Amino acid sequence: MTWDTRGPAAGDPFTPDRGSGLAAVAAGNPGERRGAVPGPPPRRRSPSALGAAVVTVLVALHVLAWQGTGFSPADLVRGWRGMADFIGEAIPPDLSWPVLGPGIQAALVTLYIGLLGTTFSVPFALVLAVLGARTTAPNRWIYQAARSLLSFLRAVPDVVFALIFVTAVGLGPFAGVLALIFHNTGVMGKLWSEAMEEIDLGPRDALRTNGAGGVQVVAHAILPAVVPQFIGLLLYRFDVNVRSSLVLGLVGAGGIGFLVNQSIKLFRFDQMATHLLIVLVLVIGVDLLSAAVRRRITV
Amino acid sequence: MSVSPGRSAGGTAVADRSPSPEAVPSLSITGLRKSFPGRTVLAGLDLRIPARGLVAVLGANGSGKSTALRCVVGLEQPDGGSIRLHGEEIVGLSGRELARRRSRAAMIFQKIHLVQRRTVLDNVCAGALGRLPLRHSLVPALFPRELREEAMECLHRVGLADRAGDTVGRLSGGQQQRVAVARALCQRADVVLADEPVAALDPAAATQVLELLSDLARGQGLAVAAVLHQPELARRYADRVVGLARGRLAFDTAPEHLSERDLDDLYAAGEGAS
Ligand SMILES: Nc1ncnc2c1ncn2[C@@H]1O[C@H](COP(=O)(O)OP(=O)(O)O)[C@@H](O)[C@H]1O
Ligand SMILES: [Mg+2]
């Protein structure tokens, strides 16, 4: 009835018992060999050799990364004047209404992008989560297909989706909404499918013996058990998506990110500071709201 | 034995099908085999549950009681043998016909397995999902009015009609188990398989649940098989007692003939097996 799940989701909290079982077997083999001949204690050569190798590789990687990114604290120190100019121009922020008004309006658009992007991904995430959870998938092929699709949507960053949709539907918030729908379907679908894999399967089995079909079982046994987790994850994703939609604005998908980008291009750092302040208020507001609601649900 | 009073549609159907209900047992298991990797659990089990009355199923842990019941309701796939519900074979069948034949057997679990966040009534209605089209069952709000009335009637039969609107989580364990029985009734089952239905309940609640089951079995013509851990309960409530040992039938006897030796052998066999 259950099947092996080796796939893109190697790090999933899937079957901890199985994982630890394998680890135990792997660890047990040398032990058995040692135990067969009681003699000198085993040498501890391998762990420390392995450790040294790991450290060496890690250090080498960091050196390469340092060079590859042109990492240079000296440049930062030398550039303090530029930073100071920048901050000097940004403070005080331009809080005049001609800047503040459009800023607030654009922030609302950013909020709307996050809202629609989250809401419209719900049906797709739900279907893929049901098909991609071991407890509800009709068979392993559909399960694997759904998992792969979720992995793909998750792997492509929303900014990349935004760039694609900007070329398709033009500059503006709609491209941002589409980008969020795609990416968020991948993330939320995975989170939801994991929530469904953790529930007690008794009610599901009971309804199956009642003769209930797959959709009925999901609707009457699985979903009622995960509603609080689903809502909590939905709010968490809304929070993340509002912040993402800000970045989407930087690549032309509307909202206040777009204004931030513009003010930088025009060297109007005082206006940029205003926009960043608005962003700060927006992000904190959404964060507080979603945290408050989530707390009420879980308690 | 007379025709069942016809309170449940299923009970009437049994009478229609065969002139003498006792000739065809409601559930008849023959030579049932089931193995899990590295372990044979059912080794040719024979079991007969008559059309009216409560059969207590005894056996040591691991003797295959749960596996046998789970094979009947489709939670396990038997390797071989025969399972007949009202004379109709279900092993080797699939699809709609299997669902139809199996719809008259319901299972009650030790862990009850109700949906905690839903109301008592919605849980009972869920027993009818097998015969409801999706447009009437996608969410509880779509359940038809007749179904709600039928579910209320089922709740009345288990004595919990006054709790219909409560969330299941607010009920005691014994009450929840009776709701599970009501769900089985709402499924229109006339074969009820109860796997340790009172093992998790306190003695008073256990008594209530067993009295309910034996009343349904004797008074309303259901065929009830209940896995019990206490032979005293079997003696008190059962019309017949069967013992399982190592996946086979060890005895099938009237409760008044259940001897201490039978029991000692039964539980000793279990120890030998494990
Ligand atoms: N899904 C399963 N996979 C492997 N072994 C199982 C499974 N279900 C039951 N068993 C084993 O089958 C044996 C009989 O189990 P069960 O039918 O539950 O016995 P009982 O209900 O009589 O205590 C037990 O040893 C159990 O470990
Ligand atoms: Mg059992």
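Residues numbered from 1 in each chain as written. Chains lettered and ligands numbered in written order. Predicted model: local features only at pLDDT ≥ 70, side-chain atom pairs only at ≥ 80, totals over all residues. Heavy atoms only, no water.

Concerning helix α3 (residues 95–102) of chain B
Residues and elements named next belong to chain B. All of the buried residues in α3 are Leu98, Arg101 and Arg102. An end-on view of α3 places all buried positions within 95° of arc, on one side of the element. Those residues of α3 hidden inside the fold are in contact with α2 (65–73), β4 (80–85), β5 (88–89) and β6 (105–108). (Buried < 20%, exposed > 50% of the residue type's maximum accessible area, 1.4 Å probe, protein only. Helix = DSSP H or I, 4+ residues; strand = E, 2+ residues; numbered from the N terminus. Arc of directions from axis to C-beta. Contact = heavy atoms within 4.5 Å.)

A word on the domain arrangement of chain B
Much of the literature gives interface size as the accessible area that the parts lose upon coming together. Residues and elements named next belong to chain B. Segmenting chain B into domains produces domain 1 (1–16 + 24–104 + 191–274) and domain 2 (112–189). Computed from C-alpha atoms alone, the centre-to-centre distance between domain 1 and domain 2 is 24 Å. Taken together, the contact between domain 1 and domain 2 spans 18 residues of the former and twelve residues of the latter. Counting every contact that joins domain 1 to domain 2 gives four residue pairs in polar contact (both at pLDDT 80 or more). If you list the elements that add at least two residues to the side of domain 1 that touches domain 2, you get α1 (9–17) and α7 (203–219). With six residues, the single largest contributor to the side of domain 1 that touches domain 2 is α7. Looking at the side of domain 1 that touches domain 2 residue by residue, the class counts come to ten nonpolar, five polar and three charged. (Domains from an automatic or database assignment. Polar contact = N/O pair within 3.5 Å; in protein donor to acceptor, adjacent residues only side chain to side chain. Nonpolar A, V, L, I, M, F, W, Y, C, P; charged D, E, K, R; others polar.)

As for the packing of aromatic side chains
Residues and elements named next belong to chain A. One pass over the structure, following the stated rule, counts seven aromatic pairs over all chains. Relative to phenylalanine 182, the ring of phenylalanine 165 has its centre 5.1 Å away and its plane inclined at 55°; by these criteria the two rings are tilted. Here phenylalanine 182 lies in helix α9 (residues 173–197) and phenylalanine 165 lies in helix α8 (residues 158–169), a separation of 17 residues in the sequence. Judged by its relative accessible area of 14%, phenylalanine 165 is buried. In this structure phenylalanine 182 comes out as partly exposed when scored by relative accessible area, which is 35%. Grouping aromatic residues by their ring pairs yields a cluster made of Phe86, Phe267 and Phe269. Sitting above the plane of the tryptophan 141 ring, arginine 140 keeps its charged end 6.0 Å from the centroid. (Phe/Tyr/Trp six-rings, centres within 6.5 Å; stacked < 30°, edge-to-face > 60°. Lys NZ or Arg CZ within 6 Å of the ring centre and 35° of its normal.)

As for the confidence of the model for chain B
Considering every residue of chain B, the mean pLDDT works out to 89; 90% of them sit at 70 or more. The ipTM for the predicted assembly is 0.86, set against a pTM of 0.78. (pLDDT = per-residue confidence, 0-100.)

Some details on the sheet that holds strand β9 (residues 240–245) of chain B
Each strand in a sheet pairs with another by means of backbone hydrogen bonds, the pair being arranged parallel or else antiparallel. Residues and elements named next belong to chain B. Spatial strand order, β6-β7-β8-β3-β9-β10: six strands in an open sheet with mixed pairing. A single partner strand is all that each edge strand has here, and the edge strands are β6 and β10 (248–253). Recorded for the sheet is a direction-independent mean angle of 20° between the axes of neighbouring strands. By the bridge criterion, five bridges tie strand β3 (residues 53–59) to strand β8 (residues 223–227) in an arrangement that is parallel. Looking at β8, one finds that alanine 56 is bridged to alanine 226. Strand contacts of α7: β3, β7 (191–194) and β8, with the helix running at about 130° to β3, the strand carrying the most contacts. (Pairing = 2+ DSSP bridges. Axes fitted to C-alpha atoms, helices over the stretch in contact; angles between N-to-C directions.)

What about α8 of chain A?
Given a rise of 1.5 Å per residue, twelve residues ought to cover 16 Å, and the 16 Å separating the end C-alpha atoms of α8 of chain A matches this to within 8%. Taken together, the buried residues of α8 of chain A touch α7 (140–155), α9 and α11 (214–250) of chain A. (Expected span 1.5 Å × (residues − 1).)

Overview of the interface of chain B and chain A
Contacts between the two partners involve 24 residues from chain B and, on the opposite side, 19 residues from chain A. Contact between chain B and chain A buries roughly 1,700 Å² in total, counting both sides, with carbon and sulfur atoms accounting for 58%. When the buried surface of chain B facing chain A is broken down by residue, His113, Arg117 and Leu129 of chain B rank first, second and third, together holding 28% of it. Counting the contacts that link chain B with chain A gives zero salt bridges. When residues of the side of chain B that touches chain A are traced back to their parent elements, those giving at least two are α2 and β6 of chain B. Looking at the side of chain B that touches chain A residue by residue, the class counts come to 15 nonpolar, five polar and four charged. (Buried area = accessible area lost by both parts, 1.4 Å probe. Salt bridge = Lys/Arg side-chain N within 4 Å of Asp/Glu carboxyl O.)

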